[in-house]
Amino acid sequence: MSSTTKCVGYCRVSTQNQKEEGTIEIQHIAIKKYAERRGFELVNIFDDNGVSGTLHDRPGLNTLLDAIEIDSSITHVLIYKLDRLARDLYLQEHLIRQFESFNVKLLSTQEENLDSDDPMRKAFRQFSGIVAELEKGFILMRLSGGRDKKASTGGWAGGRRPYGYLAKDKELSLDKKPAKVVASIMSMRKNKHMTL
């Protein structure tokens, strides 16, 4: 029987921009170094690229939960930072309870000991979760304000591009072929109202 501590890692980034900047690789490196320093056997690292930390249903996270349920020799989940696990306090605590139900402890490369048995450490962990949730709220508020400002000046605020337009460099331009279809539909609609 092996005495090596077996662990898995979990990494998450929430936006396309973060994916492009390679922040998931930074998390991978930190987790690998942490496992090596502690003498842990790192079995696997599960990723969620471009997935919100407020969602419970994530492909990488679901696979991780399946892995720790199936393999009882895995005793730890390593994360880069608590907000990579969740940006919602309720979800964070729910996931930690799920890990604990499989006798698995959560370890962070950036925050010391997130143990639930120590009331002060648990309070610190929950406070960190509140801060992560607050940060997420501020990010959404800024993004929403930026989109509103862009839309108010006639710019494209992102999201699904309207039919009949092309999106390039965050700007919309008319796509001539579908634009004719839209013009035809508008003309038929106008004529219909005129005959009523």
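Read on for a plain summary of the structure. (Residues numbered from 1 in each chain as written. Predicted model: local features only at pLDDT ≥ 70, side-chain atom pairs only at ≥ 80, totals over all residues. Heavy atoms only, no water.)

1. As for the pairing of strand E3 (residues 74-79)
Part 1 of the argument: Counting buried positions along E3 yields five of six residues, so the element is predominantly enclosed.
Part 2 of the argument: Alignment of strand E1 (residues 6-13) against E3, held across five bridges, turns out to be parallel. The partner of Tyr10 across the bridge, within E3, is Ile79.
Part 3 of the argument: One ladder, built from four bridges, connects E3 with strand E4 (residues 105-108); its direction is parallel. Of the residues in E4, the one forming a bridge with Leu78 is Leu107. (Buried < 20%, exposed > 50% of the residue type's maximum accessible area, 1.4 Å probe, protein only. Helix = DSSP H or I, 4+ residues; strand = E, 2+ residues; numbered from the N terminus. Pairing = 2+ DSSP bridges.)

2. Considerations on the sheet that holds E4
Part 1 of the argument: If you trace the four strands from one edge of the open sheet to the other, you get E2-E1-E3-E4, paired in parallel fashion. At either margin of the open sheet sits one strand with a lone partner, and together these are strand E2 (41-49) and E4. Strand-to-strand twist of the sheet, defined as the mean angle between neighbouring strand axes without regard to direction, takes the value 25°.
Part 2 of the argument: In this fold helix H2 (residues 23-38) packs onto E1, E2, E3 and E4, with an angle of close to 160° to the strand it touches most, E1. (Axes fitted to C-alpha atoms, helices over the stretch in contact; angles between N-to-C directions. Contact = heavy atoms within 4.5 Å.)

3. A short note on the packing of helix H3 (residues 59-70) against helix H5 (residues 89-101)
Part 1 of the argument: At a closest axis distance of 10 Å, the pairing of H3 and H5 adopts a crossing angle of 25°. With respect to each other, H3 and H5 are oriented roughly parallel. The handedness of the crossing between H3 and H5 comes out as left-handed. Taking contact as the criterion, the partners of Leu61, Leu64, Leu65 and Ile68 in H3 are, on H5, Leu95, Gln98 and Phe99.
Part 2 of the argument: In terms of residue class, the contact of H3 with H5 is built from six nonpolar, one polar and no charged. (Parallel < 35°, antiparallel > 145°, perpendicular 65-115°, else oblique. Left-handed = near helix turned anticlockwise from the far one by under 90°. Nonpolar A, V, L, I, M, F, W, Y, C, P; charged D, E, K, R; others polar.)

4. A closer look at the nonpolar core
Part 1 of the argument: Core analysis: the biggest nonpolar cluster contains 21 residues, and Tyr10, Leu64, Ile68, Val77, Leu85, Phe99 and Leu106 have the highest contact counts within it.
Part 2 of the argument: Elements with a contribution of two residues or more to this core: E1, H3, E3, helix H4 (82-85) and H5.
Part 3 of the argument: Looking at which element gives the most residues to this core, the answer is H3, with five residues.
Part 4 of the argument: Cys7, Tyr34, Ala35 and Phe40 belong to the second-largest nonpolar core, a separate cluster that totals eleven residues. (Core = buried A, V, L, I, M, F, W, Y, C linked by side-chain atoms within 4.5 Å.)

5. Side note on H5
Part 1 of the argument: A rise of 1.5 Å per residue sets the reference length of H5, with its 13 residues, at 18 Å; its end C-alpha atoms lie 18 Å apart and thus fit the reference within 8%.
Part 2 of the argument: Here H5 has its buried residues at Leu91, Gln92, Glu93, Leu95, Ile96 and Phe99.
Part 3 of the argument: Positive phi appears at Asn103, one or two residues downstream of H5, with a value of about 60°. (Expected span 1.5 Å × (residues − 1).)

So far we have only geometry, and geometry alone does not tell us how the molecule works.
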